[in-house]
Amino acid sequence: MNVASPGRLLVATTNVGKLREIRDILGGLELTLVTLADHTPIAEPEETGSTFVENARIKALAYAAATGELTVAEDSGLEIDALDGEPGVRSARFNGESYPEKFATIRRMLAERGVDGSTARFVCSLVLARGDQLIWETRGVVEGRLAHPARGDRGFGYDPIFYYPPYGCTLAEVDGDRKAAVSHRGAAFRAFRDYLTGPAGPLGSGATS
Ligand code: ITT
């Protein structure tokens, strides 16, 4: 693949919030971005890893094998220090059907430990795979603290309870560009973009088709 012969990249996520953010960051590359919706339905792999990078590898390899595409996947989540890193890799399936319910669970768990708030971070582990090969990995992090009550209706997931001190508000109170400028996913996917277009990447000047 090279610039004269652009290829395809499967952005393998079932999460529409993630997909929107990733498309914004990867826009304009000489690469056709495809999604899981462009393929016949693929069974979601079980995320059996105990770390973000293990789960990102599971997803990237499963979707790469099922589609034959150059595939990027990520695993991400919220680590709350006062809860020993919970919900962490369980962020998507954490107690509570809705996010307000998940936020209430977090409040209750904090209260059980006699604390009112906590420092926290979002983490994003990104993995690129093709066939059965892991090609490239990176990780992005954004540090903040829990907000109470939840504030803002932008972003997705835990953004309304993630207070980002330099902005003085939660990540659900800023637009997508401002979130991406500082977020875990923004950091990971900007590094990925640099890799793709850099000398070792498939779109770089050293690339062969
Ligand atoms: P895929 O595995 O299909 O990508 P998923 O939502 O199941 O989708 P994860 O297992 O990686 O993905 O879980 C990530 C969860 O972490 C996500 O569902 C949110 O609850 C939370 N999360 C991750 N990034 C976030 C962000 O930028 N803002 C708010 N919450 C986020």
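A brief report on the enclosed structure follows. As the structure is a prediction and not an experimental result, all values here were calculated from the model.

**Here we look at helix 1 (residues 16-26)**
- Among all positions of helix 1, only G17, K18, L19, E21, I22, I25 and L26 are buried.
- Looking at the buried side of helix 1, the elements it contacts are strand 1 (7-11), strand 2 (31-35), helix 2 (52-67), strand 3 (71-80), helix 4 (176-182) and helix 5 (184-197).
- Structurally, the start of helix 1 carries an N-cap: the backbone nitrogen of G17 is 2.8 Å from a side-chain oxygen of N15.
- Where helix 1 terminates, the next one or two residues include G28, which has phi positive at roughly 85°.

**Digging into the pattern of salt bridges**
- One pass over the structure, following the stated rule, counts 17 salt bridges.
- Linking E21 and R185 is a salt bridge whose minimum nitrogen-to-oxygen distance equals 2.8 Å. Placement of the pair is E21 in helix 1 and R185 in helix 5, with a sequence separation of 164 residues.
- Judged by its relative accessible area of 13%, E21 is buried.
- A relative accessible area of 1% places R185 in the buried class.
- R121 serves as the salt-bridge partner of D81, at 3.0 Å between the closest nitrogen and oxygen. One end of the pair, D81, is in the loop between strand 3 and helix 3 (99-112); the other, R121, is in strand 4 (residues 119-130), and 40 residues separate them in sequence.
- You can call D81 partly exposed: its relative accessible area is 33%.

**Things to note about the site of the ligand**
- Inspection of the region around the ligand gives 20 residues, with T13, T14, K59, Y99 and K179 positioned closest.
- Bound to the protein, the ligand loses 95% of the 610 Å² it would expose on its own.
- Those elements that place two or more of their residues in the shell around the ligand are strand 3 and helix 5.
- In the shell around the ligand, the residues fall into five nonpolar, eight polar and seven charged.

**A closer look at the packing of aromatic side chains**
- Inspection of the entire model under this criterion finds nine aromatic pairs.
- When the centroid spacing of 6.2 Å and the interplanar angle of 50° are considered together, the rings of Y99 and F103 count as tilted. Here the residue Y99 and the residue F103 both occupy positions in helix 3, the gap between them amounting to four residues, near one helical turn.
- Take Y99: its relative accessible area is 28%, and that puts it in the partly exposed class.
- Here F192 and Y195 contribute two aromatic rings whose centre-to-centre distance is 6.5 Å and whose plane-to-plane angle is 20°, an arrangement assigned as stacked. Placement of the pair is F192 and Y195 together in helix 5, with a separation of three residues, close to one helical turn. Neither residue differs from the other here; F192 and Y195 are each classed as buried.
- Among the aromatic residues, ring-to-ring pairing joins W136, F189, F192 and Y195 into one connected group.
- The positively charged end of K102 is found above the aromatic ring belonging to Y99, 5.3 Å away from the centroid.

Rules of the game
Residues numbered from 1 in each chain as written. Predicted model: local features only at pLDDT ≥ 70, side-chain atom pairs only at ≥ 80, totals over all residues. Heavy atoms only, no water. Buried < 20%, exposed > 50% of the residue type's maximum accessible area, 1.4 Å probe, protein only. Helix = DSSP H or I, 4+ residues; strand = E, 2+ residues; numbered from the N terminus. Contact = heavy atoms within 4.5 Å. Polar contact = N/O pair within 3.5 Å; in protein donor to acceptor, adjacent residues only side chain to side chain. Salt bridge = Lys/Arg side-chain N within 4 Å of Asp/Glu carboxyl O. Near = heavy atom within 4 Å. Areas by Shrake-Rupley, 256 points an atom, 1.4 Å probe, with all protein chains shown as cover. Nonpolar A, V, L, I, M, F, W, Y, C, P; charged D, E, K, R; others polar. Phe/Tyr/Trp six-rings, centres within 6.5 Å; stacked < 30°, edge-to-face > 60°. Lys NZ or Arg CZ within 6 Å of the ring centre and 35° of its normal.

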